Amino acid sequence: MKQRRQTAILSKKNSKISLAVRYKFFFLLLLTLALMFDTVSRQSSPELFDNRSLPEVPAAR
């Protein structure tokens, strides 16, 4: 009886852990896709290669 109770508790813990891992995986996947989209959309922007879009830095004396 005691062994059966421990098995039930362990299977509950395992299902909770697997659910948490699944949520973290999907969250990291979403962040990765957002980063990839941001990188691709910025590269296609012509403003990145325009020197006038950069602020002027005064020369150090």
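The coordinates are above.
Being a predicted model, the structure only gives us computed values, none of them experimental.

Q: I'd like a description of the overall build of the chain, backed by residues and values.
A: Across its full length, the chain holds 1 helix and 0 strands. Accessible surface for the chain amounts to roughly 6,700 Å². Of this, 65% is attributable to carbon and sulfur atoms.

Q: Before we move on, could you go through a nonpolar patch on the surface and cite the residues and values that matter?
A: On the surface, Phe-25, Phe-26, Leu-29, Leu-33 and Met-36 cluster together into a nonpolar patch covering about 510 Å² of accessible area. Its place among the elements puts Leu-29 in helix H1 (residues 2-43). Accessibility expressed as a relative area gives 38% for Leu-29, which makes it partly exposed.

Rules used throughout
- The residue numbering used here restarts from 1 in each chain and proceeds along that chain's sequence as written.
- It should be noted that, the model being predicted, local features are given only for residues of pLDDT at least 70 and side-chain atom pairs only at 80 or more, the latter also being counted only at that level, while totals for whole chains, interfaces and linings use all residues.
- Water and hydrogen atoms were dropped before computing side-chain values, which therefore reflect all heavy atoms in the structure.
- A run of H or I in DSSP becomes a helix once it reaches four residues, and a run of E becomes a strand once it reaches two; helices and strands are each numbered from the N terminus.
- Surface accessibility follows the Shrake-Rupley procedure with a 1.4 Å probe radius. Residue values consider only the protein chains on display as shielding.
- Patch construction takes residues with relative accessible area above 30% that form no salt bridge. Like charges are linked within 9 Å, and nonpolar side chains (Val, Leu, Ile, Met, Phe, Trp, Tyr) are linked within 5 Å.
- Just to be clear on terms, a salt bridge is a Lys or Arg side-chain nitrogen sitting within 4 Å of an Asp or Glu carboxyl oxygen.
- Residue burial is assigned from relative accessible area. The probe radius is 1.4 Å, only protein chains are included, and a residue is buried under 20% of its type maximum, exposed over 50%, and partly exposed in between.

Honestly, that's just the spatial picture; any functional story needs more than this.
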